[in-house]
Amino acid sequence: IQMTQSPSLLSASVGDRVTLSCKAGQNINNYLAWYQQKLGEAPKLLIYNANSLQTGIPSRFSGSGSGTDYTLTISSLQPEDVATYFCQQYNSWTTFGAGTKLELK
Amino acid sequence: EIQLQESGPGLVKPSQSLSLTCSVTGYTITSGYDWSWIRKFPGNKMEWMGYISYSGSTNYNPSLKSRISITRDTSKNQFFLQLNSVTTEDTATYYCARITTWGTFDYWGQGVMVTVSS
């Protein structure tokens, strides 16, 4: 299943509400996860099952969506949120999106 | 704290085998979960390669099935990736990760960059 993320690059200011998109090539039944990867670090699981927050992840991160279209929202961007974010579907085997790089404006 | 750490050569010649080790601390790999290898190509495309379960069974991405082997050494709490007959298209950053019961990856290593070049 192909996963398409948009935009590939996003510039935003501290305090902004940020929305990242992930679109699946077919219905993935909410089996969608979001990860954050900072430069030189291991990826970190943020969201699973489309909208469940992983333990220890700040509540400013949230996930939504259904069917083929999913969204990761950061309610108030913090400097430490600068990273690449990628999605993963696990409805059929598993495939990943190519990521959205989030930078500060 | 659960930690995973990949290790292995950063340069492999075409047609040779790529061999990597994932060392796990903070959790015994025979206690539960599946343990996976994932790679990220230049350009950021990621590919799940396969896993070894806590019981020792394996499952591989069909696209790699003829070239891949994942094994383990339970005495050292390590698992291994071997990829045979590599080409330049196998150049990537290789990650090991733990798979949750849902199918997500909750602990990852930092990754090791492997270049296939003569």
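Refer to the structure presented above.
Predicted model, so just to flag it, every value in this text is computed and none were measured.

(A) Main features of the overall build of chain A. When its secondary structure is counted, chain A shows zero helices and 11 strands. Relative to its length of 105 residues, chain A is compact, with a C-alpha radius of gyration of 13 Å against a globular reference of 13 Å. Principal axes of the C-alpha set define a box for chain A whose edges measure 35 × 25 × 25 Å. When each of the 105 residues of chain A is scored for burial, the buried share is 42%. Expressed as a percentage of contacts within chain A between residues at least 6 apart in sequence, the contacts between residues at least 24 apart total 57%. Of the roughly 4800 Å² of accessible surface on chain A, 46% is carried by carbon and sulfur atoms.

(B) Quick peek at the state of the cysteines. Tallying each qualifying case throughout the model produces two disulfides over all chains. At a sulfur-sulfur separation of 2.0 Å, the disulfide partner of Cys22(A) is Cys87(A). For the disulfide bridge between Cys22(A) and Cys87(A), the dihedral angle about the S-S bond is near 70°, and by the sign convention the bridge is right-handed. You can see Cys22(A) sitting in strand S3 (residues 18-24) and its partner Cys87(A) sitting in strand S9 (residues 83-89), a full 65 residues away along the chain. You can call Cys22(A) buried: its relative accessible area is 0%. The class of Cys87(A) is buried, set by a relative accessible area of 0%. Residue pairing for Cys22(B): its cysteine sulfur links by disulfide to Cys96(B), the two sulfurs lying 2.1 Å apart. Residues Cys22(B) and Cys96(B) share a disulfide whose torsion about the S-S bond is about 70°; that sign makes it right-handed.

(C) Quick look at the pattern of salt bridges. Residue and element names in this part refer to chain B. Inspection of the entire model under this criterion finds seven salt bridges over all chains. Across the pair Asp90 and Arg39 runs a salt bridge, and its minimum N-O distance is 2.8 Å. Taken together, the positions of Asp90 in the loop between strand S8 (78-83) and strand S9 (92-99) and Arg39 in strand S4 (residues 34-40) put the pair 51 residues apart, joining distant regions of the chain. The closest approach of N and O atoms between Asp90 and Arg67, which form a salt bridge, is 2.9 Å. Taken together, the residues Asp90 in the loop between S8 and S9 and Arg67 in the loop between strand S6 (58-60) and strand S7 (68-73) connect sequence positions 23 residues apart. Accessibility assignment for this pair places Asp90 and Arg67 in one class, buried.

Cut-off values and rules
- Residues numbered from 1 in each chain as written.
- Chains lettered and ligands numbered in written order.
- Predicted model: local features only at pLDDT ≥ 70, side-chain atom pairs only at ≥ 80, totals over all residues.
- Heavy atoms only, no water.
- Helix = DSSP H or I, 4+ residues; strand = E, 2+ residues; numbered from the N terminus.
- Rg over C-alpha atoms; globule rule 2.2 N^0.38 Å.
- Buried < 20%, exposed > 50% of the residue type's maximum accessible area, 1.4 Å probe, protein only.
- Contact = heavy atoms within 4.5 Å.
- Areas by Shrake-Rupley, 256 points an atom, 1.4 Å probe, with all protein chains shown as cover.
- Disulfide = S-S within 2.5 Å.
- Salt bridge = Lys/Arg side-chain N within 4 Å of Asp/Glu carboxyl O.

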